[in-house]
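Listed below, chain by chain, are the residues.
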Amino acid sequence: VALVAMCSVSAALSASWTHANRGEHWYLELDDDVSLVILFLYFLVLLASFVSVTLYVSIQLCKFTMAWLMASSLDAYDDTTDTAMKVRTAVLVDELGIVSHVFSDKTGTLT
């Protein structure tokens, strides 16, 4: 949705700028005949990779922040052993929401 909105706005602004500045910037050889559909497709190809990379970086940043919050939480601190929670992987944040049962054997290993 955001990509389509950005491409639509960019195509409209590009067409407007081209129409307004065609005579002033003659050395660019701007065509006034380019349709909005073609401009939309140009910006779609240009911005598609940026949106996916930005989305990936945002998700990783959220996972890192959640892992930091989990590690610094006082609710996950054990007073008897004086140990805090250790988050060793970002996948823990994804898997934490699907845990329904926690089992422990006689050695204390959680499964």
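Residues numbered from 1 in each chain as written. Predicted model: local features only at pLDDT ≥ 70, side-chain atom pairs only at ≥ 80, totals over all residues. Heavy atoms only, no water.

Colleague: Break down the overall build of the chain for me, with residues and values.
Modeller: A count of helices and strands for the chain gives three helices and zero strands. For a compact globule of 111 residues, the expected C-alpha radius of gyration is about 13 Å, and the chain comes in at 26 Å, more than 25% above that figure. Its C-alpha atoms give the chain principal-axis dimensions of roughly 80 × 25 × 20 Å. The burial tally for the chain puts 10% of its 111 residues in the buried class. At a minimum sequence separation of 6, the contacts of the chain that also span at least 24 residues come to 46%. (Helix = DSSP H or I, 4+ residues; strand = E, 2+ residues; numbered from the N terminus. Rg over C-alpha atoms; globule rule 2.2 N^0.38 Å. Buried < 20%, exposed > 50% of the residue type's maximum accessible area, 1.4 Å probe, protein only. Contact = heavy atoms within 4.5 Å.)

Colleague: Describe the environment of F43, and please don't skip the residues or the numbers.
Modeller: Note that F43 resides in helix α2 (residues 36–71). Placed 29 residues apart in sequence, F43 and S14 show a C-alpha to C-alpha distance of 9.8 Å. Excluding anything up to four places from it in sequence, F43 contacts C7, S10, A11, S14 and A48.

Colleague: Can you explain α2? Please cite residues and give values.
Modeller: Counted at 1.5 Å a residue, the expected span for α2 with its 36 residues is 52 Å, and the 50 Å between its end C-alpha atoms agrees. By the largest-angle criterion, L47 marks the main kink of α2, which is about 35°. Looking only at α2, the buried set comprises L39, L47, K63, A67 and M70. (Expected span 1.5 Å × (residues − 1). Bend = angle between axes of the 7 residues up to and from the residue.)

Colleague: Tell me about the side chain of K63, and name the residues and values.
Modeller: Summarising the element assignment, K63 is placed in helix α2. Residue classification places K63 among the buried residues on the basis of a relative accessible area of 16%. Once you skip the residues sitting within four places of it in the chain, K63 turns out to touch A90, V93 and D94.

Colleague: How would you sum up the environment of R88? Please name residues and give values.
Modeller: By the secondary structure assignment, R88 is in the loop between α2 and α3 (91–96). For the pair R88 and L47, spaced 41 residues apart in sequence, the C-alpha separation works out to 34 Å.

Colleague: Now, about a nonpolar patch on the surface: what can you tell me, with residues and values included?
Modeller: Taken together, the side chains of V34, V37, I38, L41 and Y42 present a nonpolar region at the surface, about 450 Å² in accessible area. Summarising the element assignment, L41 is placed in helix α2. The exposure class of L41 is partly exposed, given its relative accessible area of 42%. (Patch = residues over 30% accessible without salt bridge, like charges linked within 9 Å, V, L, I, M, F, W, Y side chains within 5 Å. Areas by Shrake-Rupley, 256 points an atom, 1.4 Å probe, with all protein chains shown as cover. Salt bridge = Lys/Arg side-chain N within 4 Å of Asp/Glu carboxyl O.)

Colleague: Before we move on, could you go through helix α1 (residues 2–21) and cite the residues and values that matter?
Modeller: With 20 residues, α1 extends 28 Å from end C-alpha to end C-alpha; this agrees with the ideal 28 Å at 1.5 Å per step. Looking at α1, one finds that the buried residues are C7, A11, T18 and N21. Along the long axis of α1, the arc covered by the buried residues comes to 125°, so they all point the same way. Those residues of α1 that are exposed and angled more than 90 degrees off the buried face are A2, L13, H19 and A20. Against α2 lie the buried residues of α1. (Arc of directions from axis to C-beta.)

Colleague: Got a sec to walk through the confidence of the model for the chain? Specific residues and values, please.
Modeller: Looking at the chain as a whole, its pLDDT mean stands at 82, while 96% of the residues score no less than 70. For the chain, α3 is the element with the lowest average pLDDT, namely 75, and α1 is the one with the highest, namely 87. (pLDDT = per-residue confidence, 0-100.)

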